[in-house]
Amino acid sequence: MTKIIVVGAGPGGMFASYLLSKEGLDITLVEMGEDVAERIKHINNNGPSAGPNYIQGVGGSGTFSDGKINLNPEIGGNMLEFVSKNDAENLINYVDALFMKHGMDKKAEIHPKARELMRKAMRAGIKYIPIKQKHIGSDFLPKIVSGIKKELEDFGVKIMVKTKAKDILISNSKINGINIERNGKEEKLDADYIILAPGRAGSRWLLDLATKFKLTYYYSPLDIGIRVEVPNEVMEEITEINWDPKFHIRTKKYDDFIRTFCTNPSGFVITENYGKFVSVNGHSMKNKFSNNTNFAFLVRMHLTEPVENTTLYGESVCKLATTIGGGKAILQRLGDLKKGRRSTWERINNSYVEPTNKDVTPGDLSMALPARILEDLIEGLDMLAKIIPGVNEETTLLYGPEIKFKSIRLTVSKKMETKEITNLFTVGDGAGVSGGIVTAGITGLIAAREILMREGKKCEI
Ligand SMILES: Cc1cc2nc3c(=O)[nH]c(=O)nc-3n(C[C@H](O)[C@H](O)[C@H](O)COP(=O)(O)OP(=O)(O)OC[C@H]3O[C@@H](n4cnc5c(N)ncnc54)[C@H](O)[C@@H]3O)c2cc1C
């Protein structure tokens, strides 16, 4: 029987396995993290500081995230690079239907006021992207993941947790097997096809494989900036239209691209510990609310000669910020930043916006972030205030740094197959072809569909 190994049980790997599982093929899903049930226990005990369990394990890196489901092929990567608009719709509907089968809300329509917001944004020199969007909530998403995992097992997918893929095996430029490590022992598994979906946690490993097997790749740009926190009242007219509104801005001074990302109405700002440095993020829940809305405000950095490695650059900035913050993220009021002074707890406590993350150091972001990024962010907030009055008030809270590392982008065909090795497919965020739950799932489906076609099997999509 045809053997397929899928590496990584995030949305990329789970959706690929799901589509393949219907046709009686021999599928093994290899995941280095723990089962979702174990992860839930760790998170309940430790919250976001639950170490690797927060981003690794069955369900993948977004399992404890806010679960914003963006039903648009151009949000979280661009699926139109690989498939037509109609096909993208088709694939999105498949992902949406599986989530709904496991309990996600049914309706998602573009809000009637979206057009008006688009017009207002355009007049302010900002692009607003109206999208169909759903919100699962970080307290409900793990339940959906558990349901999908059970369905995979019912269809006969073997799920090996706490199992790390170490190396791929090639014969005549074609996939032949994989080496895995389990309980401290190495083992070889035969494979006719391999789908690698290792996410950002596995992007370093993917880079090592690319180097070893001379796979072609390039560095993707980096998104770096801050998390902005304001009272709900400032944002609610906008978040009623879209839970996570997408605004794209070009700054006048540098012509840089900035975007809003991961908005959390009534949400919470969190600190993520990467070991060598910290970064911030945000989430919101279905059953627990704050008085504030937070969103990431990120500048896109491309690097050319002599350093193309955006990851190294981003890490250096984050390390500096973590040093200045004494090992914690920095919190500053926008008013203090504009006045060129650090924030203190006293100044922050004098404001009426209470931070949702207090495990931070009140400080000065201008000591940590490069001038160009900082100027972009201040200019961008002033522009945004034309459509969201109040977002650039003195009391607005800024947490930094926030960084979205993009992995290397492997050169793959439209079917997600590497150019150099036949039957080796790379999908999801780790391969640099997606940047969200839905798009990672779609790239997995594209690879799985191609395998089904080559095997002469039926395919649901
Ligand atoms: C805090 C947070 C919040 C987010 N919020 C949202 C959101 O609201 N909406 C949204 O659309 N997206 C969100 N995202 C992004 C989303 O989670 C990712 O885009 C998506 O999970 C990527 O899917 P993936 O399958 O490519 O990789 P991942 O989900 O990262 O899964 C990869 C899996 O592979 C495993 N792995 C890696 N290397 C190996 C190896 N060598 N052997 C075995 N296993 C391996 C990892 O342990 C991991 O479980 C969020 C991400 C984070 C971290």
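Residues numbered from 1 in each chain as written. Predicted model: local features only at pLDDT ≥ 70, side-chain atom pairs only at ≥ 80, totals over all residues.

Thoughts on the nonpolar core
Ranked by size, the top nonpolar core spans 71 residues in total, and within it I4, V6, A16, I194, I195, V427 and A447 carry the most contacts. At 9 residues, helix α12 (residues 437-454) tops the list of elements feeding residues into this core. The contacts of A447, once residues within four sequence positions are left out, are A16, I195, K415, M416, F425 and V427. (Core = buried A, V, L, I, M, F, W, Y, C linked by C-beta atoms within 7 Å. Buried ≥ 20, exposed ≤ 12 C-beta atoms within 10 Å, placed from the backbone. Helix = DSSP H or I, 4+ residues; strand = E, 2+ residues; numbered from the N terminus. Contact = placed C-beta atoms within 7 Å.)

Let's talk about the domain arrangement of the protein
Segmentation of the protein into domains returns domain 1 (3-109 + 132-218 + 409-454) and domain 2 (221-404). Once you take the C-alpha centre of each, domain 1 and domain 2 turn out to be 29 Å apart. Taken together, the residues that form the side of domain 1 that touches domain 2 break down as 3 nonpolar, 6 polar and 3 charged. (Domains from an automatic or database assignment. Nonpolar A, V, L, I, M, F, W, Y, C, P; charged D, E, K, R; others polar.)

Comments concerning the sheet that holds strand β8 (residues 174-182)
Pairing in this open sheet of 3 strands is antiparallel, and the strands run β7-β8-β9 from one edge to the other. Two strands close off the open sheet at either side, each with one partner strand: β7 (163-171) and β9 (185-190). Between one strand and the next, the sheet's axes are offset by a mean angle of 25 degrees, whatever the strand orientation. Bridge count between β7 and β8: 8 bridges; the pairing is antiparallel. In the strand pairing of β8, L169 is matched with G177. (Pairing = 2+ DSSP bridges. Axes fitted to C-alpha atoms, helices over the stretch in contact; angles between N-to-C directions.)

Things to note about the sheet that holds strand β10 (residues 193-196)
Ordered in space as β6-β2-β1-β10-β22, the 5 strands form an open sheet in which the pairing is parallel. Every other strand in the sheet has two partners, leaving β6 (158-160) and β22 (424-426) as the edge strands with one partner each. This sheet shows a mean twist of 15 degrees between the axes of neighbouring strands, independent of strand direction.

Structural notes on the site of the ligand
Around the ligand, 42 residues are found, and the nearest of them are G10, G60, G62, G199 and G428. Residue assignment for the shell around the ligand shows that the elements contributing at least two residues are α1 (11-21), β3 (68-70), β7 and α12. For the shell around the ligand, the per-class residue count stands at 14 nonpolar, 22 polar and 6 charged. (Near = placed C-beta within 6 Å.)

Focus on the environment of N183
Along the chain, N183 turns up in the loop between β8 and β9. On the neighbour-count criterion, N183 (7 C-beta atoms within 10 Å) is exposed. Remark: the alpha-carbon pair of N183 and D154, spanning 29 residues in sequence, is separated by 25 Å.

Notes on α1
Two residues of an α-helix separated by three or four positions point the same way, owing to the 3.6 residues in each turn. Of all 11 residues in α1, 11 are buried, a share of seventy percent or more. Listed as buried for α1 are P11, G12, G13, M14, F15, A16, S17, Y18, L19, L20 and S21. For α1, the elements touching its buried residues are β1 (3-7), β2 (26-30), α3 (85-101), α5 (141-154), β10 and α12.

Structural notes on unusual backbone geometry
Here E305 and P306 are connected by a cis peptide whose omega angle stands at -5 degrees. Mapped onto the fold, P306 is located in the loop between β17 (292-301) and α8 (310-324). The omega angle of the peptide bond from G400 to P401 is 0 degrees, so this bond is cis rather than trans. Not every positive phi belongs to a glycine, and N172 is a case in point at roughly 50 degrees. Mapped onto the fold, N172 is located in the loop between β7 and β8. With 6 C-beta atoms packed within 10 Å, N172 lands in the exposed category.

Considering the environment of E181
Its location among the elements puts E181 in strand β8. In this structure E181 touches K164, K166 and E186, once residues within four positions along its chain are discounted.

Structural notes on α3
Counted at 1.5 Å a residue, the expected span for α3 with its 17 residues is 24 Å, and the 24 Å between its end C-alpha atoms agrees. Of the positions making up α3, those classed as buried are A88, L91, I92, V95, L98 and F99. The arc enclosing the buried residues of α3, seen along the axis, measures out at 125 degrees, which places them on a common side. Every exposed residue of α3 that faces more than 90 degrees away from the buried side is listed here: N86, N93, A97 and K101. Contacts made by the buried residues of α3 are with α1, β3, α5 and α12. Looking one or two residues beyond α3, the residue adopting positive phi is G103, at roughly 115 degrees. (Expected span 1.5 Å × (residues − 1). Arc of directions from axis to C-beta.)

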